[in-house]
Amino acid sequence: MNPALTGVFPQDVRFIGNYRSQWEQVPVPYLTFSGAFDTKLTKFQLENGFFATGGIINYDKSGIGGLTKSQINLMASYTQTLNEYNFLTLGFAVGGAQQRIDFSMLSFHNQFNGDIYDSSLNTRENFDTDQYAYLDLSTGINWHLQLEDQKAKFDIGASMSHFNKPSTSFYNNSTIKLSPRYTIHALSEVKINEPITLVFGAMVQSQNKYFESVFNASIRYLLSPEKGIPIAVQLGTAYRYSGEHDAIIPNLEFHFASWRIGFSYDVNISDFSIATNKRGGPEVSVIYTITKVKSVPNF
């Protein structure tokens, strides 16, 4: 979402896994997996700032033709301390992606012989390749506000992905470009009292003619305040809008010591719900963090 979020978390090292399966009941299933890590570079810490780095692997597969996208990104960021409560982070990501498709799994109108579909007929499609690769560059900025005694914290950021506009085509046509994607996001946590924290999040994305926005509100209840082994449960609901009402997304998250495990499910409310019967897709996320000797500001 934003390379400027690299290293912006209280601990020192973070590992993330994310799995999503969507639309299994219709003939266009979609599967995606992400694995990521990021860490603060304490050896390169400055008096009023610090560096962080990380990496992420994404894998998507969708549709009858098994359209797949494999991507790896390396991220780097620098966080500048503005004062005791304000921090500004600049981030950059460089990566590579490969996209491929199995054309033998697809059918075309030229394979209809007038009576029935005949897979042995020539498709008359002149694809130059069934796969291609490209370089991908992204950048972003994030502002973090941490109030006294950590009673509230806020993040607001913006990023631009694919700003190098790489060529993406199964034809040898360099004029077909991947348009830049612009993202604005915000996250806040407000502690009402010792056991209860309200969590709010928002994200708006735009790419060429496409648009998406997601808004989430959650409540977190601390079951065990013991330091080092906190136990909490978080329950919330998100809403996604992409030019029309898209989905309601109930979500549940468990916090235990260094672990965070989340589960959400899309309830499809768009016109496509006629095919999906309102079923979108389950998503599971796992976050594990490692804390060393604290030597940088606690986010």
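Please read all numbers here as calculations on a predicted model, not as lab measurements.

### Some remarks on the environment of R20
Logical step 1: Mapping R20 onto the fold places it in strand β1 (residues 13–22).
Logical step 2: R20 gets classed as buried once you look at its relative accessible area, which sits at 12%.
Logical step 3: On a C-alpha basis, the gap between R20 and P180 in space is 24 Å, while along the polypeptide they are 160 residues apart.
Logical step 4: Discounting residues that sit within four places of it in the chain, R20 has contacts with Y30, L31, T32, R240, D266, G281, P282 and E283.
Logical step 5: In terms of polar contacts, R20 uses its side chain to reach the side chain of Q22, at 2.8 Å.

### A word on the packing of aromatic side chains
The relation between two aromatic rings is expressed through the spacing of the ring centres and the mutual angle of the planes.
Logical step 1: Inspection of the entire model under this criterion finds 10 aromatic pairs.
Logical step 2: Note on F103 and F127: the rings are 4.0 Å apart at their centroids and 15° apart in plane angle, and the pair reads as stacked. Of the two residues, F103 is situated in the loop between β5 (86–100) and β6 (131–146) and F127 in the loop between β5 and β6; the sequence distance between them amounts to 24 residues.
Logical step 3: Three or more aromatic residues link up through ring pairs in this structure, and these residues are F103, F108, F127, Y132, Y134, F170 and Y171.
Logical step 4: Between K40 and the ring centre of F9, over which it is positioned, the NZ or CZ distance is 4.1 Å.

### Section: the side chain of S21
Logical step 1: For S21, the position within the fold is in strand β1.
Logical step 2: With near-sequence residues (within four places) excluded, S21 lies in contact with Y30, G280, G281 and P282.

Thresholds applied
- Residues numbered from 1 in each chain as written.
- Predicted model: local features only at pLDDT ≥ 70, side-chain atom pairs only at ≥ 80, totals over all residues.
- Heavy atoms only, no water.
- Helix = DSSP H or I, 4+ residues; strand = E, 2+ residues; numbered from the N terminus.
- Buried < 20%, exposed > 50% of the residue type's maximum accessible area, 1.4 Å probe, protein only.
- Contact = heavy atoms within 4.5 Å.
- Polar contact = N/O pair within 3.5 Å; in protein donor to acceptor, adjacent residues only side chain to side chain.
- Phe/Tyr/Trp six-rings, centres within 6.5 Å; stacked < 30°, edge-to-face > 60°.
- Lys NZ or Arg CZ within 6 Å of the ring centre and 35° of its normal.

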